[in-house]
Amino acid sequence: MAVFVLKRLASLLASLLFASLAIFLVLEVLPGDPAAFMLGLNAAPDTVAALREQLGLTAPLPQRYFGWLAGMTVGDFGISYTYRVPVSDLIGARVQVSVPLAAYALTLSTLIAIPVGAIAASARNTPLDAGIMGMTQLGVALPNFWFAMLLVLVFSVGLRWFSAGGFPGWDDPFAAMRALTLPAVALALPQAAILARVMRSSLLDTLDQEYMRTARAKGLSQGQALRRHALRNALIPVLTIMGLQFSFLLAGAIIIENVFFLPGLGRLVFQAISARDLVVVRSVVMLLVFAVVTVNFLVDFTYALVDPRLRRPVS
Amino acid sequence: MLAALWAIPALAQRTDIVVGLVLEPPHLDPTAGAAAAIDEVGYANIFEGLTRFGPDGAILPALARSWDISEDGLTYTFHLHEGVSFHDGTPFTANDVAFSFTRAMAEDSVNAQKGLFEPIASVEAADDLTAVVTLDYPYGNLPFNLAWGDAVIVSSQTAQTNTTSPVGTGPFRFVRWTQGDSIVIERNPDYWGEPARLERATFRFIDDPSAAFAAMMAEDVDTFPIYPAPETLAILDADPRFVAVIGSTEGETILAMNNRRAPLDNILVRQAITHAIDRQALIEGAMFGYGTPIGTHFAPHHPAYVDLTGLSAYDPDRSRALLEEAGVGPITLALALPPPPTYARRGGELIAAQLRAVGIDTRIVNMEWSQWLEQVFSGKDFDLTVISHTEPMDIEIYGREDYYFGYGAPQFQAIMEELNLSVDPDRRTELLQAAQRDIAENYVNAYLFQLAKTAIQHVDIEGLWANAPTQATDLTAVYWR
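Residues numbered from 1 in each chain as written. Chains lettered and ligands numbered in written order. Predicted model: local features only at pLDDT ≥ 70, side-chain atom pairs only at ≥ 80, totals over all residues. Heavy atoms only, no water.

**Some points on the packing of helix H1 (residues 2-29) of chain A against helix H4 (residues 61-73) of chain A**
A pair of packed helices can be characterised by two numbers: the angle between their axes and the separation between those axes. Residue and element names in this part refer to chain A. Direction vectors running N to C along H1 and H4 enclose 135°, while the axes themselves pass 11 Å from each other. For the element pair H1 / H4, the angle class is oblique. Crossing hand, H1 versus H4: right-handed. On H4, the residues touching Leu17, Ser20, Leu21, Phe24 and Glu28 of H1 are Leu61, Arg64, Tyr65, Trp68 and Leu69. A per-class count over the contact of H1 with H4 returns seven nonpolar, one polar and two charged. (Axes fitted to C-alpha atoms, helices over the stretch in contact; angles between N-to-C directions. Helix = DSSP H or I, 4+ residues; strand = E, 2+ residues; numbered from the N terminus. Parallel < 35°, antiparallel > 145°, perpendicular 65-115°, else oblique. Left-handed = near helix turned anticlockwise from the far one by under 90°. Contact = heavy atoms within 4.5 Å. Nonpolar A, V, L, I, M, F, W, Y, C, P; charged D, E, K, R; others polar.)

Here's what the structure looks like:
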């Protein structure tokens, strides 16, 4: 087990280092000068030069790359060009929206998908199964931003149950959760549809296994066998998808954050790209890479817990 | 007791407002950035200058009570208001004026409109309430220059931290900025002038057009001074809760042409392009009918404006004839389009179609702002581009030889030189009109339309600006009926 963990950790570090170099270089070759962007159409060239100097854009490339790496190891991501505050503060504030939103959406989608998938599997080839599969097909096809707009029209504009967007902060946890509810539902439903389909097919695979026949032969009912033996074995593909989905929900909520004007990471990086706030862009992208790699690491680790066979080295 | 009596009628009224802004300011220091959103939050609310723009664009006294101009036009003496203090309690004196202007003029200044201070030789405090500005040459327009957001007075104590916690002398003081979401300001109880009627104002940042619509409909936001979705403006206007207010801005939208580059260095080609454009179709198609046609680079609501749209009237036959006369053969031009606000992308596609009708092919290149600034604006590597110049009274850019469209003709520069030196209003008007004619007759650019200010607001709100003589959300006189 220790070897397994160490190997995974080494590959995690290598991925991060490679990603940091790629991110840094790609952003360097992108056209666009943050100083010119900030000063607009009437600025004199010497004013732009003065601002470049002030922003530290004149230092050589390797110096800036290693400075950035060294800073990150101690949690210092630099100072945002446009906001003029430490990037870590910006990220810190945005993570408080994005992580709870992703977690909320993932919880919702899991709570919906696992029972729905299990019901469909146990009612295989009945009209109920066909109905559920039809619904999930629709769910997969539904663009989440369109669904989000629909939710706003019904629940904010029509019924006035929720505000149309924005985030009041965590001072009032109830209001904060309320503000995240519509975005979480909009994010969760399409994900739930995918997850339910995976759950169903994975359960169906295990239902055909011989140990299931044995369990039924011991006298367990269909339902008992499903809960005690099939579910745990069916979880590996579901976990894989959930790991991918969490990363997607964290990094991919840009559009939903725009629809609900939420101050999350996605909107931060979106605004930073158009303002050429490269310090913010590369730090947020790096953080997202870190999150994705870490989640994958944890998922691998969970496989090993769920299925002891995966811990053994391949001979 | 008296205070308690006064408070009673106020209970029925709302004393807070939620203002929707499309873009979030990058920071809040108006003396260190060009982003319109900085002034949309702070101008006249948090920060004040010696003078200010009124709702109609007139120059009004602000921190300066009055001013005298010396006979030779070289010395302005500003008499300041008494008993003014910054939000941190520091008293405001003429030394702050000297500090602010000297800082903006300095070698390492990052003021986006450093040019405003160009005529100034020195600024001194004669006493606490008298600031003396000495000029290098007579310059009649100084009070106008000092009304810009970039010329507000800051305290030397807080100049460095204004980016994140702005401290000014205005009727509102900064409370909190939740980055990505909102900025809150509240009434300054120690304000030197007429106190604000609102107790609190929240600026929320919503750039998505459908989110803006939903936020109005759900009454999360009370007004959008610049509503980002003209396509739904009529729906909101029809709702009895809201009213749309269409005003004018300082934004001249032009099809800029690279005057340095063949075939656009040929005046016949440029003229042909202007005759190919149907301004009304553009306003209808790209701006949902909001906008005023212009024939030169000047705001139509300005008293000195001359209507020169006739010089470049829509006439495709004329356009084809001019191209033939120019003898340039088939032309293909690159058309660079900056991102939303939508005028450029939507307008650009219509312009491309109109140009094709007279035999000019275009290659549309969509760009982000940073890319546009680097390639088109600084690099001057473009043929055509659609852009709105939103600075007030910026016709002087045509005198700059190194400006991106590259005009700077000697006769135009001579007009500008004389304009800078004249103080007489009538002569100034004549010169401004001569300048407008010169750039229209030389077909420097194709002048399309003046951007409209399309605002949507709750019917019970009074006191918001209808027009936008400068980019600002002046809340000083706003109240709920």
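Moving on from the model shown.
**Topic: the interface of chain B and chain A**
Of the residues lining the interface, 50 residues belong to chain B; the matching set on chain A comes to 42 residues. For the pair chain B and chain A, the summed buried area comes to about 3600 Å², and 55% of that belongs to carbon and sulfur atoms. If you sort the residues of chain B by the area they bury against chain A, Val110(B), Gln179(B) and Ser370(B) come out on top, with a joint share of 14%. Counting across the interface, chain B meets chain A through one salt bridge. (Buried area = accessible area lost by both parts, 1.4 Å probe. Salt bridge = Lys/Arg side-chain N within 4 Å of Asp/Glu carboxyl O.)

**What to know about the sheet that holds strand S4 (residues 64-69) of chain B**
Residues and elements named next belong to chain B. Taking strand neighbours across the sheet as the criterion, the four strands line up as S4-S5-S7-S6 in an open arrangement whose pairing is antiparallel. If you trace the sheet from one side to the other, it starts and ends with S4 and strand S6 (120-127), each paired once. Taking each pair of neighbouring strands and ignoring which way they run, the sheet shows an average axis angle of 20°. Bridge count between S4 and strand S5 (residues 75-80): five bridges; the pairing is antiparallel. The residue of S5 that forms the bridge with serine 66 is histidine 79. Of the strands in this sheet, S5, S6 and strand S7 (130-135) touch helix H3 (residues 94-105), which is tilted by about 165° from S6. (Pairing = 2+ DSSP bridges.)

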